[in-house]
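# Structural overview
Take a look at the letters that make up each chain.
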Amino acid sequence: MAWDPNRPVPWRRLVREWAIYVVVMAVIFLIFFNDRLTPGPFVGLLLSGPVYVAIGAVLAKFGYQRATLREARAVGRARNQQRAAAAAAAEPAPRSRPAPTKRTGGGANRPTGSSKRR
């Protein structure tokens, strides 16, 4: 798709996603690097905000729109329902019994009893 200056940019969504990322990463930094923590990672997190929002805005102007979690779940549910319907429709009919053979005991050459063993 081409650049379209009239396409809307979801500013609120971009900032919200970045804020969630910052909070999660700050908690991870605090948990795992508590003993040797410096302000550097937090400054990096704060500087990543304008970069993330700018790249997201450019992608939105080109027409990229990522699906929300609600939309992704709806697609997954629909796909699962289609698979279940296809599996139910493609379920094979029960097999009939095979014809008897010598090996299955249905043939004509069956032993006649214990008279031969005496």
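Now for a description of the structure that goes with this document.

## Focus: the overall build of the protein
Check the secondary structure of the protein and you find three helices and zero strands. N-terminal to C-terminal, the α/β element order of the protein is α-α-α. Per-residue burial over the protein gives 11% buried out of 118 residues. For the protein, restricting intrachain contacts to residue pairs at least 6 apart in sequence, the fraction spanning at least 24 positions comes to 72%. In the form shown here, the protein has an accessible surface area of approximately 10600 Å², with 61% of it arising from carbon and sulfur atoms.

## Quick notes on the pattern of salt bridges
Opposite charge on two side chains lets them pair, provided their charged atoms get close. Counted under the stated rule, the structure contains two salt bridges. Measuring nitrogen to oxygen at the nearest pair gives 3.0 Å for the salt bridge that ties E17 to R13. You can see E17 and its partner R13 sitting in helix α1 (residues 11-32), four residues apart, about one turn around the helix. Measuring nitrogen to oxygen at the nearest pair gives 2.5 Å for the salt bridge that ties E17 to R66. Of this pair, E17 sits in helix α1 while R66 sits in the loop between α2 (40-61) and α3 (69-89), and the two are 49 residues apart along the sequence. It is possible to trace a salt-bridge network through shared partners that takes in R13, E17 and R66.

## Points about the packing of aromatic side chains
One pair of aromatic rings is described through two measures. These are the centre distance and the angle between the planes. Applying the stated criterion across every chain, the model contains three aromatic pairs. Each ring, one from W3 and one from F62, has its centre 5.4 Å from the other, and the planes form 80°; the classification is edge-to-face. Of this pair, W3 sits in the segment before α1 while F62 sits in the loop between α2 and α3, and the two are 59 residues apart along the sequence. Both rings, one in F29 and one in F42, keep their centres 6.1 Å apart while their planes meet at 90°; by these two values the pair is edge-to-face. One end of the pair, F29, is in helix α1; the other, F42, is in helix α2, with 13 residues separating them in the sequence. Residue classification places F42 among the partly exposed positions, given a relative accessible area of 26%.

The rules behind each value
Residues numbered from 1 in each chain as written. Predicted model: local features only at pLDDT ≥ 70, side-chain atom pairs only at ≥ 80, totals over all residues. Heavy atoms only, no water. Helix = DSSP H or I, 4+ residues; strand = E, 2+ residues; numbered from the N terminus. Buried < 20%, exposed > 50% of the residue type's maximum accessible area, 1.4 Å probe, protein only. Contact = heavy atoms within 4.5 Å. Areas by Shrake-Rupley, 256 points an atom, 1.4 Å probe, with all protein chains shown as cover. Salt bridge = Lys/Arg side-chain N within 4 Å of Asp/Glu carboxyl O. Phe/Tyr/Trp six-rings, centres within 6.5 Å; stacked < 30°, edge-to-face > 60°.

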